[in-house]
Amino acid sequence: QVQLVESGGGLVQAGASLRLSCAASGRPFSTYVMGWFRQAPGKERELVAAIGLSEDKTYYTDSVKGRFTISRDTAKNTVYLQMNSLKVEDTDEYYCAAGLNIRLPSQYLYWGQGTQVTVSS
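Cut-offs and rules
- Residues numbered from 1 in each chain as written.
- Predicted model: local features only at pLDDT ≥ 70, side-chain atom pairs only at ≥ 80, totals over all residues.
- Heavy atoms only, no water.
- Helix = DSSP H or I, 4+ residues; strand = E, 2+ residues; numbered from the N terminus.
- Rg over C-alpha atoms; globule rule 2.2 N^0.38 Å.
- Buried < 20%, exposed > 50% of the residue type's maximum accessible area, 1.4 Å probe, protein only.
- Contact = heavy atoms within 4.5 Å.
- Areas by Shrake-Rupley, 256 points an atom, 1.4 Å probe, with all protein chains shown as cover.
- Pairing = 2+ DSSP bridges.
- Axes fitted to C-alpha atoms, helices over the stretch in contact; angles between N-to-C directions.
- Disulfide = S-S within 2.5 Å.

Peer 1: Mind laying out the overall build of the protein chain, listing which residues take part and the relevant values?
Peer 2: Across its full length, the protein chain holds 0 helices and 11 strands. Going from N to C terminus, the protein chain has its helices and strands arranged as β-β-β-β-β-β-β-β-β-β-β. The globule rule puts the C-alpha radius of gyration for 121 residues at 14 Å, and the 13 Å found for the protein chain is close to it. Overall size of the protein chain, expressed as C-alpha extent along the three principal axes, is 40 × 30 × 25 Å. Per-residue burial over the protein chain gives 45% buried out of 121 residues. Sequence-distant contacts, at least 24 apart, represent 55% of the contacts inside the protein chain between residues at least 6 apart. Summed over all atoms, the accessible surface of the protein chain reaches about 6,100 Å², with 48% contributed by carbon and sulfur.

Peer 1: Which residues make up the sheet that holds strand S7 (residues 68-73), and what are the values?
Peer 2: The 4 strands are arranged S1-S3-S8-S7 in an open sheet whose pairing can be described as antiparallel. Of all the strands in the sheet, the pair left with one neighbour each is strand S1 (2-7) and S7. Within the sheet, the average angular offset between the axes of one strand and its neighbour, ignoring direction, is 15 degrees. As paired strands, S7 and strand S8 (residues 78-83) are joined by 6 bridges and run antiparallel to one another. Residue pairing across strands places Arg72 opposite Val79, the latter belonging to S8.

Peer 1: I'd love a proper account of the pairing of S8, names of residues and values included.
Peer 2: Most of S8 is tucked away: 5 of the 6 residues are buried. Pairing analysis gives 6 bridges linking strand S3 (residues 18-26) to S8, with the strands arranged antiparallel. Pairing of Leu18 across the sheet is with Met83, part of S8. Between the antiparallel neighbours S7 and S8 lie 4 residues, among them Asn77 with a positive phi of about 50 degrees.

Peer 1: I'd love a proper account of the environment of Phe29, names of residues and values included.
Peer 2: Among the structural elements, Phe29 can be located in the loop between S3 and strand S4 (33-39). In this structure the C-alpha to C-alpha distance between Phe29 and Arg72, which are 43 residues apart in sequence, comes to 9.8 Å. Once you skip the residues sitting within four places of it in the chain, Phe29 turns out to touch Ala24, Met34, Arg72, Asp73, Thr74, Asn77, Thr78 and Val79.

Peer 1: Outline the environment of Tyr110, supporting the account with residue identities and numerical values.
Peer 2: Along the chain, the position of Tyr110 falls in strand S10 (residues 108-111). Taking the C-alpha atoms as reference points, Tyr110 and Gln1, separated by 109 residues in sequence, lie 7.6 Å from one another. Those residues in contact with Tyr110 that lie beyond four places of it in its chain are Gln1, Val2, Leu4, Arg27, Tyr32, Cys96, Ala97 and Ala98.

Peer 1: So what's going on with the state of the cysteines? Residues and values would help.
Peer 2: For the coordinates displayed, the defined rule picks out 1 disulfide. Each sulfur in the disulfide pair Cys22 and Cys96 lies 2.1 Å from the other. Handedness of the Cys22-Cys96 disulfide follows from its S-S torsion of about -75 degrees: it is left-handed. One end of the pair, Cys22, is in strand S3; the other, Cys96, is in strand S9 (residues 92-99), and 74 residues separate them in sequence.

See the structure below:
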């Protein structure tokens, strides 16, 4: 079992930045790929960014490329999502997840409780 706790969400204006953090505990953090998903009410959960066991393997959905950066600190058992130039359409609940395959949502096994990001115009 892996327990994940997100933090760092909030209300910001368009163009601002936020950094989400996800602290992991339980089974070794370093053995899982990590992802950030987002979901709006009534919509499917979307994989926003993911990072492999080493930082040289990352994935970003097209809408956040060049604005968001995912990173992981194995010593702190924490994964981060730096979000710059935020847009109103980035407003969502953001979830951290740990899994086995960087690109396959079905392979993410453990989930955090979510943190709300709201971007105002």
